[in-house]
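Spelled out, the chains give:
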Amino acid sequence: MEFSKRTINILKTFSSVNEGLVFKIGKKQRTISTDQGMFIEAEIDESVPLQFAIADLALFLRNIEASDKTEIELTDKAAVLTSSYSRVKYGYGSEKIIKQPPDKSLDESLTRSTAEFSVTKDQLARIVRFIEINNLPSVTIGSDGSKIYMAANDDQNPDSVNVRVDIGNVADDDTKVWQEKLPFDRLSKLPGGTDYVVKVVPKAFVAFFGDRISFFIAVIPQ
């Protein structure tokens with residue numbers, strides 16, 4: 001088995017949320033942050049033949065990327081990483097010490113969503129850029145009854161910078177006004193360069209669906 005560049009990038013995103021990962025059999029892999037504030041589910045390009053745990057996923061990936069065309073052989077106790085000029089035996093970790101997402105899918109909760117819309121890669125890049133420039137801690141997703149928007153400001157200093165990026169118009173018969181707030185350090189985990197379909201479950205989470213990858217981010221209680 002050889003991980004594609006796409007798979008490695010997905011796993012790097014996983015490692016930014018949770019240090020460890022229990023690989024499951026098949027293509028579908030899932031992780032959750034240790035505080036349970038962010039859940040990610042993705043379909044990687046390769047089918048994993050057996051379940052195994054990696055305690056330090058970022059280190060594991062660095063070992064894979066240290067050589068070109070690294071072949072991954074999964075044995076009972078270790079992953080053997082082999083290239084034309086190197087061989088690394090990387091021992092598995094304990095599944096008991098790695099925070100794992102529950103087996104139950106969050107899809108059932110999506111039936112309670114109050115809004116569904118698309119956000120383009122350019123719109124997402126704009127709000128991220130403004131938040132980073134102004135060092136703002138959170139992002140608000142909402143509707144003013146006319147437009148869907150993403151906005152950011154500092155609650156501790158309400159007279160400071162206030163940023164808003166309009167995402168699109170709401171349906172003619174939808175005049176509901178609502179908003180949900182997300183930690184920016186969670187939103188920033190989303191890979192750029194892709195469009196997302198967004199679903200909002202009030203007072204619970206906001207889900208972002210990309211190309212064979214989904215992010216569920218818990219909202220900040222208000």
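Residues numbered from 1 in each chain as written. Predicted model: local features only at pLDDT ≥ 70, side-chain atom pairs only at ≥ 80, totals over all residues. Heavy atoms only, no water.

A. How the structure looks around the overall build of the chain. Scanning the chain from N- to C-terminus turns up four helices and 15 strands. Based on the C-alpha atoms only, the size of the chain along its principal axes is roughly 60 × 35 × 30 Å. A burial count over the chain gives 44% of its 222 residues as buried. Of the contacts made within the chain by residues no fewer than 6 positions apart, 60% connect residues no fewer than 24 positions apart. Carbon and sulfur atoms provide 47% of the accessible area of the chain, an area that totals close to 11700 Å². Of the charged side chains in the chain, 28 are positive and 32 negative, and the gap between their average positions amounts to 3 Å. (Helix = DSSP H or I, 4+ residues; strand = E, 2+ residues; numbered from the N terminus. Buried < 20%, exposed > 50% of the residue type's maximum accessible area, 1.4 Å probe, protein only. Contact = heavy atoms within 4.5 Å. Areas by Shrake-Rupley, 256 points an atom, 1.4 Å probe, with all protein chains shown as cover. Lys, Arg positive; Asp, Glu negative; His and termini not counted. Charge placed at Lys NZ, Arg CZ, Asp CG, Glu CD.)

B. Expanded view of unusual backbone geometry. Residue Asn135 is not a glycine yet carries a positive backbone phi of 55°. Secondary-structure assignment places Asn135 in the loop between helix H3 (121-134) and strand E9 (138-144).

C. Main features of the packing of aromatic side chains. Inspection of the entire model under this criterion finds 10 aromatic pairs. Geometrically, the ring pair formed by Phe23 and Phe52 is stacked, given 4.6 Å between the ring centres and 5° between the ring planes. Linking Phe23 in strand E1 (residues 21-23) with Phe52 in strand E4 (residues 52-54), this pair joins segments that are 29 residues apart in sequence. As far as burial versus exposure is concerned, Phe23 and Phe52 are alike and both buried. Look at Tyr196 and Phe215: their rings are 6.3 Å apart centre to centre, the planes differ by 75°, and that puts the pair in the edge-to-face class. A residue pair is termed long-range when its members are at least 10 positions apart, and Tyr196 in strand E13 (residues 196-201) and Phe215 in strand E15 (residues 213-218) qualify at 19 residues. Here the aromatic residues Phe3, Phe23, Phe52, Phe60, Tyr90 and Tyr92 are joined through ring pairs into a cluster of three or more. (Phe/Tyr/Trp six-rings, centres within 6.5 Å; stacked < 30°, edge-to-face > 60°.)

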